[in-house]
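Coordinates in review
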Amino acid sequence: MAMKKAKGLIIEINRECNLNCKFCRVPKDNRRRAFKELESLLENKEMEDVVEYKEGKIKYLGISGGEPLLHPDILRILKLLSTKSDEVVLATNLTILNEKILDALKKLKNIYIQINLPSPNPSTYKKIVGKDTFSVAIKNIKKLTKEVEAYRVAINMVVCKENIDECKNMVKLCSQLNVENLRFHVNVGGNINHKDFLAKTMEAQDYALENDLPLVVRIASEKRREGIIPYITVDKQVYSDLFEAY
Ligand code: SF4
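The structure displayed is predicted, hence computed values, not measured ones.

**As for the overall build of the protein chain**
In terms of regular secondary structure, the protein chain is built from 10 helices and 8 strands. Among the 246 residues that make up the protein chain, the fraction classed as buried is 35%. Here the analysis covers contacts within the protein chain between residues at least 6 apart in sequence; of these, 74% occur between residues at least 24 apart.

See the structure below:
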């Protein structure tokens, strides 16, 4: 039987990170992929056996880390990926955005940026990520949403013990920031009472709808299964293939 091909790829380009989130599963070291390695990976003919190509392009290519914006070749990498795929997905904590990177992101019409923002509250944020970078992240999100279409910017909130009561406030913050995509990830590891976590996140979704925020509940209702769901989402756009890849 022919193997079903993947629609896209998410590549870990480095492992270094300036933050230290409590829920992070990336081993902290300084390993990174060289630009040439990425180039040859994407040009490798064998890739076509495992990933679907259409007119020479993959549907989406994602980069994660560590923090990908720390990679010294990030500008070249973004450019390379944008020529090889219909959509480039960048997972970042957005605390080290500089003008050159902003400019590159602005120029990429096929970018989708997922920002790890674990709390709408500066002190909870600091407790979770280990650093006082909340205001930098917010300033950068504002810069980004001015320059890049709002639907291309998503906030990811991993729901954990520290922030479980902050889901509604995160919806409010996203509305103020003009971010249309908000995804709650319910952490499935450890001794977590999933019932409580799902109830809180669903409550925030209902709140988003009641208040007519630019958010629409998608996917969650189809995929919600008590205890086994790794995320639920409040999202204006449907990127179902992306979700399947996680
Ligand atoms: S920002 Fe991402 S890579 Fe860095 S510590 Fe947090 S979860 Fe890990």
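**Let's talk about the site of the ligand**
Taken together, Cys17, Leu19, Asn20, Cys21, Cys24, Val26, Gly65, Gly66, Glu67, Asn93 and Asn116 form the complete shell of residues around the ligand. Residue composition of the shell around the ligand, by class: 5 nonpolar, 5 polar and 1 charged.

**A look at the confidence of the model for the protein chain**
Interpreting fine coordinate detail is not advised for predicted regions of low pLDDT. Averaged over all residues, the pLDDT of the protein chain equals 81, while 79% of them reach at least 70. Mean pLDDT across the elements of the protein chain bottoms out in helix 10 (residues 240-245) (34) and peaks in helix 5 (residues 122-129) (97). In the predicted structure, residues 214-231 sits below a pLDDT of 50 and forms 37 contacts with residues beyond four places in sequence or in another chain. Between residues 235-246, whose pLDDT stays under 50, and residues either more than four places distant or in other chains, the model counts 24 contacts.

**A look at helix 3 (residues 74-84)**
Listed as buried for helix 3 are Ile74, Ile77, Leu78 and Leu81. Here the buried residues of helix 3 occupy an arc of 100° about the axis, which is enough to place them on one side. Here the buried face of helix 3 lies against helix 1 (35-43), strand 3 (57-64), strand 4 (85-92) and helix 4 (99-107).

**Some remarks on unusual backbone geometry**
One non-glycine residue, Glu55, lies in the positive phi region at around 50°. In this structure, Glu55 sits in the loop between strand 2 (53-54) and strand 3. The backbone phi angle of Leu94 is positive, close to 55°, even though this residue is not glycine. Of note, Leu94 is situated in the loop between strand 4 and helix 4.

**Structural notes on the packing of helix 1 against helix 3**
Contact pair helix 1 / helix 3: the axes reach a minimum separation of 11 Å and the direction vectors enclose 5°. In terms of their interaxial angle, helix 1 and helix 3 are classed as roughly parallel. The residues of helix 3 that touch helix 1, namely those facing Phe35, Leu38, Glu39 and Leu42, are Arg76, Ile77, Leu80 and Lys84. Its residues assigned to classes, the contact of helix 1 with helix 3 shows 5 nonpolar, no polar and 3 charged.

**Let's talk about the pairing of strand 5 (residues 111-116)**
Regular strands have side chains that alternate between both faces of the sheet. Judged by how many residues are buried, strand 5 sits mostly within the fold: 6 of 6 residues are covered. Alternating positions in strand 5 separate into two faces, Ile111, Ile113 and Ile115 on one and Tyr112, Gln114 and Asn116 on the other, with burial throughout. Summarising the sheet, strand 4 and strand 5 pair through 5 bridges and their orientation is parallel. Paired with Thr92 across the strands is Ile115, a residue of strand 5. Regarding topology, helix 4 serves as the crossover connection from strand 4 to the parallel strand 5, and that connection is right-handed. When strand 5 meets strand 6 (residues 153-159), the two strands line up parallel, connected through 4 bridges. Across the sheet, residue Ile115 finds its bridge partner in strand 6, namely Ile155.

**Some words on the pairing of strand 3**
In the sheet, strand 1 (residues 8-12) pairs with strand 3 via 5 bridges, with the strands oriented parallel. Note on strand 3: the bridge partner recorded for Ile11 is Ile63. Relative to strand 3, strand 2 runs antiparallel, the two being bridged by 2 bridges. Residue pairing in the sheet places Lys54 in a bridge with Lys57 of strand 3. Joining the antiparallel neighbours strand 2 and strand 3 is a turn of 2 residues, in which Glu55 adopts a positive phi near 50°. When strand 3 meets strand 4, the two strands line up parallel, connected through 5 bridges. By the bridge assignment for strand 4, Gly62 is matched with Val89. Since strand 3 and strand 4 lie parallel, the crossover through helix 3 that links them has a hand, and here it is right-handed.

About the cut-offs
- Going along each chain's sequence as written, the residues are numbered from 1 onward.
- pLDDT decides what is reported in this predicted model: residues at 70 or higher carry local features, side-chain atom pairs at 80 or more are listed and counted, and totals for whole chains, interfaces and linings draw on all residues regardless.
- Elements are defined by DSSP. Helices are runs of H or I of four residues or more, strands are runs of E of two residues or more, and each kind is numbered from the N terminus.
- Buried, partly exposed and exposed are defined by the number of other C-beta atoms within 10 Å of a residue's own C-beta, namely 20 or more, between the two limits, and 12 or fewer respectively, with C-beta atoms placed from the backbone.
- Working definition of a contact: two residues with C-beta atoms, positioned from the backbone, lying within 7 Å.
- To decide nearness, the C-beta atom of each residue is placed from the backbone, and the residue is near a molecule or strand if that atom lies within 6 Å of it.
- Classification convention: Asp, Glu, Lys, Arg as charged; Ala, Val, Leu, Ile, Met, Phe, Trp, Tyr, Cys, Pro as nonpolar; all other residues, Gly among them, as polar.
- Each residue gets a pLDDT score, which is the predictor's confidence in that residue and runs from 0 to 100.
- The arc in question is the one spanned by the directions pointing from the helix axis to the C-beta atoms.
- Axis lines are fitted to C-alpha atoms, over the contacting stretch for helices. Their N-to-C directions set the angle, which ranges from 0 to 180 degrees.
- An angle counts as roughly parallel when it lies under 35 degrees, as roughly antiparallel when it exceeds 145, as roughly perpendicular when it falls between 65 and 115, and as oblique in every other case.
- Any two strands between which DSSP finds at least two bridges are classified as paired.
- Consider the strands pointing away from the viewer: the crossover is right-handed when the path from the first strand over the helix to the second runs clockwise.

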